[in-house]
Amino acid sequence: MDAAAAFGSGGQLFSVDPLERHAARGHGVVTSMAAGSDVIVLGTSRGWLVRHDFSFEDAQDLDLGSGRSGEHSVHRVFLDPGGKHCIATVVYPGGADTYYHHARWPRPKQLPRLRGLLVNAVAWNRQTITEASTKEVILGTEDGQIFEMAVDEADKKEKYVKMLFVLSDLQEGIKGLQMETAVVGNATRFYVMAVTPTRLYSFTGIGALETVFASYSDRAIHFMELPGDIPNSELHFFIKQRRAKHFGWLSGAGIYHGELNFGAQHSSTSGDENFVENKGFFDYSKLGESGIKPRSFALSEFHFLLLIRDKIKVVNRISQQIVEELIVDNTPETSKGTIGLCSDASTGLFYAYDENSIFQISSSDEGRDMWQVYLDMKEYAAALSHCRNSFQRDQVYLVQADATFTAKEYYIAASFYAKMNYILSFEEISLKFISAGEQDALRTFLLRRLDNLTKDDKMQITMISTWATELYLDKINRLLLEDGTGTASNDVAEPKDSEYHSIVTEFRAFLSDSKDVLDEATTMRLLESYGRVDELVYFAGLKEQYEIVVHHYIQQGEARKALEVLQRHNVLVDLVYKFAPDLIMLDAYETVESWMMARNKLNPGKLIPAMMRYVSEPHAKNETHEVIKYLEFCVKDLNNEDPGVHNLLLSLYAKKEDESQLLQFLDTKFGKGQTNGPEFFYDPKYALRLCLQEKRMRACVRIYSMMSMHEEAVALALTVDLELAKAEADKVEDDEELRKKLWLKVAKHVIEQEKGVKRENIKKAIEFLSETNNLLKIEDILPFFPDFVLIDDFKEEICKSLKDYDSQIEQLKQEMDDATRGADNIRSDIGALAQRYTVIDREEECGVCKRKILTAGGLHQVGRSYPSVGHMAPFYVFPCGHAFHANCLIGHVTRCSSQVQAERILDLQKRLSLMDRKAAKDNGGGMNGESIMNTTPIDKLRSQLDDAVASECPFCGDLMIKEISLPFILPEESDEKASWEIKPQATAQKILPMTMSI
């Protein structure tokens, strides 16, 4: 980008070009002109209007004096911004008439209600005007009167004409009018400005125009009066996007101008003129033309165009400097020179005119140098708002930065330097601050530069951030050195202490914001080299280096803070296990509470080393054992099944003097109710060894019992408590012999304990027998007594025992008699069974083949071993009434039975057949049926076959019930089933054409 493109083109802002040399078209000379929306209307000295529409390159001549004789000329012409509505005033000897013309009309119409009034100014309502209607129009006359009028194109006449106001205190003609509106809630506020040769009046109010002006009957009129007199006073608004932005008044003393802010109408109670801001005044003396005032002027966005003779001087509205001078090339025959200027708000063009010609004045980016104008005036905010590119903005920032740097306002200068991109390099700016010894300002510059860099500048961001980090650390150290102690103690003076804490807080915020761009290793080395341990820990936390953070807090003895770090969701659980030993020794309560809050997130088995370290240290008797508390939480609340956890809890219980918790733990089977799982999760052998070591004998008894070592349990229980031994002996229920053995041990112990006393001791031992529920007899315990004991001491018990034996013998005799009678009954039943028979109807059918049971021959016999029944085939008859041929029954049962059962039946058949053939061969085939029946092996096989096929009726027994679960179609019948499936034809169907005859 070259300098011209960067700082402004340097070309002309405005240019003048002739547009029409014979504008009046033979109707006299031009006296007045108006423009709007690329349309120009000229008024001539002979009472004609010439309308030039440059959009269609068309011209229209309109006669305003038809039917009138004598001299008459157009006084003023007014055209709305849309170029559709035109109002013109014609003066003639003795009076004046006002005409209205619409762009679609062939000729203008006179407005009779305005007859005799010399209209000097017209204000259009730009917000409501339409092509078909003018809506509210304000007219100003030479007599100081203000009228309101409206004309509809369809009516071809004025709808109404109302007098709004009369300037009564100073009789001057109204030379210029402008109107603007703004919506306030549901109402409309009007703003009206009017000028006379010496005054500028402003009116404002809510409601209709008539109401607004009527309100000034009882309140003061606001006006601005300037000395001097000018016959051609003018008032112009600069319009942008259909809104007035600023105004200018051509007065006798100079140009009074200002900005318009229609949103500030409530800033004063009266509401008058408070919409005018940033007022200014341009004195004609600055034009360099002594005693000469402009004949006309126009207002652009940034400039005044002042017509002086045949020259147009362009004055910058802001700097009030003449920036250009335009020469209007008049025709030689022109005698009066350029008459006036007018503007087209819709197109942004300006026009100059003389008696015969029209000149177009166009602007070429008039605001391109405004940034320089504002910069020269040191209005930096306005200059920046008008900059077009980065080079221009850099120039503004440079001027601001140099000014503040010279004024030793280094922090402000640093902010401005940081915004520059091109004019000065980063290194040059940095050296300026280093040379001035302003480290703090340099840090500010770096921070502001970081704000202006984009994400793509990763390398530069990292380098600048690292430099800023070092400057922060240097600043903190300098503050500590100024304190004189080297530490930020509470003895630091209040201002310095406040500054120290402020810079540390700011540095931490910087670390937080820059954590993603700072190099982790470099930053940590910097923090470590400056001895900023707290900031090092803080940065490590930002970078999620939690091991460093936790280690620091543990060194400082701040267990709570360390635990808070470890409780964060993004901290690896391995760190909890790593620091658990140190934390539990530092603060066991907080550590265990933290573990319990984590619940299942932690594996208690991995915390056992830490808990063992805590257990190894001595603790007060009344102190809550935190490890036991945590282990109980894991076992009872979390249902932990880790054997190591259970073993550790059991070991801690065993070391306590009170054995109740240990016994309760052993009695509580935490695995009970689980399928295929143990009832307890600790190692019983380890538990037994530990309890023996700690001399917890009751616990040992429980463990022996759980291990089914009942003899050891009872033996140990006898050394502790007799009642405990009795309870252990009574636990065995499924092994009567073992139970008796255990009770004998208890009895022996009881007898041996009672040796010291004679008869009373024997009685106590004998009374012990009642506690065994008759499991032990007197003869069982007699061997335990000494040989010298007298029989009299056992007389009663022995007699009782003999009586018991006698009753038992009688009971056995009774049972033997019952058995004998049962055997006799069985033998009689067997004898009766041989004589049992049934009657078969000769029409009875076989349940399988449906042939008659008594059919002679025709059926293949199973074997010759069956007894002969004449010429009939063998058959079976069941008590239920169903009858089957032997061959049919065997075949049916074989089909419906399992494969194993079917193979067994077939095997029995085969063996019977072989034995039958062998017997026939040995006897030459002459063995009759009676001889076969006497053959013992054949009878045995036949009996087995009968049991296999005829143990129950196949239609009434289990065989039929089992068939309910069988499918209708067996797997071996799948081929048969498939043969019945209807399959679609492979070939496509042919569509036969059909013809219909009618």
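Residues numbered from 1 in each chain as written. Predicted model: local features only at pLDDT ≥ 70, side-chain atom pairs only at ≥ 80, totals over all residues. Heavy atoms only, no water.

Quick word on the overall build of the protein chain
Step number 1: The secondary structure content of the protein chain amounts to 34 helices and 30 strands.
Step number 2: Looking at the 998 residues of the protein chain, the share that counts as buried comes to 44%.
Step number 3: Considering only residue pairs separated by 6 or more positions, the protein chain has 53% of its internal contacts joining residues 24 or more positions apart.
Step number 4: Accessible surface computed for the protein chain: about 54,100 Å², of which carbon and sulfur atoms make up 51%. (Helix = DSSP H or I, 4+ residues; strand = E, 2+ residues; numbered from the N terminus. Buried < 20%, exposed > 50% of the residue type's maximum accessible area, 1.4 Å probe, protein only. Contact = heavy atoms within 4.5 Å. Areas by Shrake-Rupley, 256 points an atom, 1.4 Å probe, with all protein chains shown as cover.)

Quick word on the sheet that holds strand β7 (residues 85–92)
Step number 1: The antiparallel open sheet is built from four strands, whose spatial order is β6-β7-β8-β9. Of all the strands in the sheet, just β6 (73–79) and β9 (109–110) have a single pairing partner and so form its edges.
Step number 2: Judged from the two bridges that link them, strand β8 (residues 95–102) and β9 form a sheet pairing that is antiparallel. Bridging across to β9, Y100 finds its partner in K109. (Pairing = 2+ DSSP bridges.)

Concerning the packing of aromatic side chains
Step number 1: Scanning all chains against the criterion turns up 26 aromatic pairs.
Step number 2: Note on Y472 and F510: the rings are 5.4 Å apart at their centroids and 35 degrees apart in plane angle, and the pair reads as tilted. On the criterion of sequence distance, the pair formed by Y472 in helix α9 (residues 458–483) and F510 in helix α10 (residues 494–514) is long-range, its members being 38 residues apart.
Step number 3: Residue F510 is classed as buried on the basis of its relative accessible area, which comes to 7%.
Step number 4: Considering the side-chain rings of F878 and F884, the 5.9 Å spacing of their centres and the 70 degrees angle between planes classify their relative orientation as edge-to-face.
Step number 5: The exposure class assigned to F878 is buried, which follows from its relative accessible area of 8%.
Step number 6: Put simply, the rings of F405, Y410, Y417, F426, F433, F445 and W467 pair up and form one aromatic cluster.
Step number 7: A cation sits over an aromatic face here: K432 above F405, 4.7 Å from the ring centre.
Step number 8: It is R508 that lies over the ring of Y538; its NZ or CZ is 5.1 Å from the centre. (Phe/Tyr/Trp six-rings, centres within 6.5 Å; stacked < 30°, edge-to-face > 60°. Lys NZ or Arg CZ within 6 Å of the ring centre and 35° of its normal.)

So, the sheet that holds strand β20 (residues 254–260)
Step number 1: The four strands lie next to each other as β18-β19-β20-β21, forming an open sheet whose pairing is antiparallel. Across the chains shown, the open sheet's two edge strands, defined by having one partner strand only, are β18 (234–240) and β21 (276–283). Pairs of neighbouring strands in the sheet enclose a mean axial angle of 20 degrees, with direction left out of account.
Step number 2: Here β18 pairs with strand β19 (residues 243–250) via seven bridges, running antiparallel. If you follow E234 over to β19, its bridge partner there is L250. (Axes fitted to C-alpha atoms, helices over the stretch in contact; angles between N-to-C directions.)

Quick word on the packing of helix α29 (residues 886–896) against helix α30 (residues 899–922)
Step number 1: Between α29 and α30, whose axes approach to 8 Å, the crossing angle comes to 150 degrees. Between α29 and α30, the interaxial angle falls into the category roughly antiparallel. Contacts between α29 and α30 involve I890, V893 and T894 from the former and A902, I905, L906 and Q909 from the latter.
Step number 2: Broken down by class, the residue content of the contact of α29 with α30 amounts to five nonpolar, two polar and no charged. (Parallel < 35°, antiparallel > 145°, perpendicular 65-115°, else oblique. Nonpolar A, V, L, I, M, F, W, Y, C, P; charged D, E, K, R; others polar.)

Brief notes about the pattern of salt bridges
Step number 1: This structure, assessed with the given rule, holds 35 salt bridges.
Step number 2: Among the salt bridges present, the one from E153 reaches R104, with a minimum N-O distance of 3.3 Å. Pair noted here: E153 is in the loop between β12 (145–152) and β13 (157–166) and R104 is in the loop between β8 and β9, with a separation of 49 residues, a long-range link.
Step number 3: The partner of D939 in a salt bridge is R942, with the nearest N and O atoms 2.9 Å apart. A residue pair is termed a helical-turn pair when its members lie 3 or 4 positions apart in one helix, as D939 and R942 do in helix α32 (residues 936–950) at three residues.
Step number 4: For D939, a relative accessible area of 27% gives the class partly exposed.
Step number 5: According to the relative accessible area criterion, R942 is buried, its value standing at 11%.
Step number 6: Here the residues in one salt-bridge network are D440, R443, D474, K475, R478 and E499, joined through shared partners. (Salt bridge = Lys/Arg side-chain N within 4 Å of Asp/Glu carboxyl O.)

With respect to the pairing of strand β26 (residues 340–344)
On a regular strand, each side chain points to the face opposite its neighbour's, so the side chains alternate between the two faces of the sheet.
Step number 1: For β26, the buried fraction is high: four of the five residues fall into the buried class.
Step number 2: Bridging between β26 and strand β27 (residues 349–353) involves five bridges; their strand directions are antiparallel. Pairing of S343 across the sheet is with F350, part of β27.
Step number 3: Adjacent in sequence and paired antiparallel, β26 and β27 are bridged by four residues, among which G348 carries a positive phi angle near 75 degrees.

Considerations on the state of the cysteines
Step number 1: Per the counting criterion, the structure on display carries zero disulfides.
Step number 2: The thiol of C846 is not disulfide-bonded; the next cysteine sulfur, from C849, is found 3.6 Å away.
Step number 3: Note on C846: relative accessible area 1%, which makes it buried.
Step number 4: Cysteine C956 remains unbridged, with the sulfur of C880 as its closest cysteine sulfur at 3.7 Å. (Disulfide = S-S within 2.5 Å.)

With respect to helix α22 (residues 697–706)
Step number 1: Taken together, the buried positions of α22 are occupied by A699, C700, V701, I703, Y704 and S705.
Step number 2: Trailing α22 by a residue or two, S708 shows a phi angle of about 60 degrees, which is positive.

Overview of the confidence of the model for the protein chain
Step number 1: Of the residues in the protein chain, 81% reach a pLDDT of 70 or more, and the chain-wide mean stands at 81.
Step number 2: Below a pLDDT of 50 lies the segment residues 926–933, which in the model reaches 10 contacts outside its immediate sequence neighbourhood of four places, other chains included. (pLDDT = per-residue confidence, 0-100.)

Some thoughts on unusual backbone geometry
Step number 1: Non-glycine residue R242 carries a positive phi angle of around 65 degrees.
Step number 2: By relative accessible area, R242 is classed as partly exposed at 49%.
Step number 3: The residue Q320 is not glycine, and still its phi comes out positive at about 60 degrees.

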